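Below are the chains, spelled out letter by letter.
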Amino acid sequence: MSGDLSDQIRLERSSPWLRGARTPGIVLGSGVLSFAFLVGWWIAFADSLDGIGILLSFLFVGSPALGLAWGGYRLERSDIDANRYGRILKWYLGGGAVFLAINLVTIVFYPWNDLAGNVSWAHFSLNAGAVGGFVVGYVEASAIQREVEVTADTVRAEQLEDERALLMYLNDLLRHEVLNSSQIIGGHASLAFQQCDDERLRDRLRTIEHESDDLVGVIEEVRAMLDANRGSETGTVDLTALLEAQLAEYRARFDDATLEATLPDAVAVRGNQGLQWIFSNLLENAIVHNDSERPRVRVTVDTMPESVTVTVADNGPGIPEATRETLFERKSTNHGLGLYLSRILAGRYGGTVALADTGPDGSTFVVTLPRASAAADVPENSERNERSERN
């Protein structure tokens, strides 16, 4: 094993000629040079050649030369790894040299009746051997390349299966161990807070309860990301029903906010329940970071043949220019994933989320998701295409 590694290191440090990196150029160039030699042969022996001789020389000498030129061009654009060019070059040079040597022996003992014939014979032998060697090397390298790719695909599939199993384990661990423990800690802190009269201790218990709630939120977000990456669970979701549920939840949580919506009766998109985290983050940001006397958020859904666009607009103060570029990046100043999670999930479902507009009159976010097949759309009332909901 160490010997193979040493040979590989020496090969990588060797010149490009030894590695065969210039094999395509060598083969192409030699083919062109060989054809040029043939043209020179035609000119040099023009007096002793007739039409048949020129035609035969083109077929048996010129055609292999052009084949070599095409082979070098094709090799450069093939999927064969450049590290295998050296072996092709060895076959190419070896095939030409061996076949030429065999025929030279024959020429010495059984020469052609003139110099032109002997030169053409030797030229043919060199080209034919080079073509044969190149073909053998190319086919061998292609077979090795396919075998390597099949092996790599198998290993990659095994790795993906292992990663999927690990994600499932982590998801179960978060759900049954970490999440339960965090909720128990928060619950006990809340009970102790209610029974405690020491204000300093109450402050600490309030901190524990607050941090526990934050930790539960982070765990839920991580679980959403893990669920979204379990491709086998991705199917079809009624986006209208999902948005209605989200809007109802946030109306209950923030009774001082006005949430309006214009939704189709039903529209199916590809995804799973992780989609709710995309919109929950957008809705919460639109309300929590809104300093208006009465926060107002409007959700609009526009359907197209291949996609669905959800617009979430608010009347907040707008997003500072300094933070717009990093708006969807993971933040290190708090535990939550927020808009970073929305971007990751939207991408996982084949969609996008972007800030369309922002200013002192508010911000507008646009989420685009791939639409499921039209057969999956099941409108509750075909006579009514849209309904408006206002609080």
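Bear in mind that the values here come from a model prediction, so they are computed numbers and not experimental data. (Residues numbered from 1 in each chain as written. Predicted model: local features only at pLDDT ≥ 70, side-chain atom pairs only at ≥ 80, totals over all residues. Heavy atoms only, no water.)

(A) Broad picture of the confidence of the model for the protein. Residues at a pLDDT of 70 or more form 79% of the protein, whose mean pLDDT is 81. Ignoring residues within four places in sequence, the model shows residues 1-9, a span with pLDDT below 50, making zero contacts including any to other chains. This model gives residues 374-391 a pLDDT under 50, and the stretch forms 37 contacts once residues within four places in sequence are excluded. (pLDDT = per-residue confidence, 0-100. Contact = heavy atoms within 4.5 Å.)

(B) Fine view of the packing of helix α8 (residues 239-253) against helix α9 (residues 275-288). Closest axis-to-axis distance for the α8/α9 pair is 10 Å, and the angle between their directions is 35°. Relative to α9, α8 is oriented so that their crossing is right-handed. When α8 is examined against α9, the residues Leu239, Leu242, Leu243, Gln246, Leu247, Tyr250 and Arg253 are found in contact with a partner set consisting of Leu275, Gln276, Phe279, Ser280, Leu283, Glu284 and Ile287. By residue class, the composition of the contact of α8 with α9 is nine nonpolar, three polar and two charged. (Axes fitted to C-alpha atoms, helices over the stretch in contact; angles between N-to-C directions. Helix = DSSP H or I, 4+ residues; strand = E, 2+ residues; numbered from the N terminus. Left-handed = near helix turned anticlockwise from the far one by under 90°. Nonpolar A, V, L, I, M, F, W, Y, C, P; charged D, E, K, R; others polar.)

(C) Local environment of helix α3 (residues 23-44). Here α3 is 22 residues long and its end C-alpha atoms lie 31 Å apart, about the 32 Å a rise of 1.5 Å per residue gives. For α3, the full list of buried residues reads Thr23, Pro24, Val27, Gly31, Ser34, Leu38, Trp41 and Trp42. Buried residues of α3 fall within an arc of 125° about the axis and therefore sit on the same side. Residues of α3 that are exposed and point more than 90 degrees away from the buried face comprise Gly25, Leu33, Ile43 and Ala44. (Expected span 1.5 Å × (residues − 1). Buried < 20%, exposed > 50% of the residue type's maximum accessible area, 1.4 Å probe, protein only. Arc of directions from axis to C-beta.)

(D) A look at the pattern of salt bridges. This model, assessed by the stated rule, comprises seven salt bridges. Across the pair Arg253 and Glu284 runs a salt bridge, and its minimum N-O distance is 3.8 Å. Of this pair, Arg253 sits in helix α8 while Glu284 sits in helix α9, and the two are 31 residues apart along the sequence. The class for Glu284 is partly exposed, based on a relative accessible area of 27%. Because the salt bridges share partners, they merge into one network encompassing Glu260, Arg296 and Arg298. (Salt bridge = Lys/Arg side-chain N within 4 Å of Asp/Glu carboxyl O.)

(E) View of helix α4 (residues 51-76). In this model, α4 (26 residues) spans 36 Å end to end at C-alpha, consistent with the 38 Å of a helix rising 1.5 Å per residue. At Phe58, α4 shows its largest bend, some 40°. (Bend = angle between axes of the 7 residues up to and from the residue.)

(F) The arrangement of the packing of α3 against helix α5 (residues 85-109) in detail. At their nearest, the axes of α3 and α5 sit 9 Å apart, and the two run at 30° to each other. Between α3 and α5, the crossing angle belongs to the class labelled roughly parallel. Of α5, the residues touching α3 (which contributes Thr23, Pro24, Ile26, Val27 and Ser30) are Tyr85, Gly86, Ile88, Leu89 and Tyr92. Here the residues of the contact of α3 with α5 sort into seven nonpolar, three polar and no charged. (Parallel < 35°, antiparallel > 145°, perpendicular 65-115°, else oblique.)

(G) Expanded view of the side chain of Thr258. With respect to the element layout, Thr258 can be found in strand β2 (residues 258-264). Look at Thr258 and you get buried, because its relative accessible area is 4%. Polar side-chain contacts of Thr258 include one of 2.8 Å to the side chain of Arg294. (Polar contact = N/O pair within 3.5 Å; in protein donor to acceptor, adjacent residues only side chain to side chain.)

(H) Layout of the nonpolar core. Of all hydrophobic cores here, the largest spans 39 residues; its most connected members are Leu239, Phe279, Val299 and Val310. Tallying contributions element by element places α9 first for this core, with eight residues. The residues contacting Val310, other than those within four sequence positions of it, are Leu239, Leu243, Phe279, Val299, Thr300, Val301, Phe365, Val366 and Val367. (Core = buried A, V, L, I, M, F, W, Y, C linked by side-chain atoms within 4.5 Å.)

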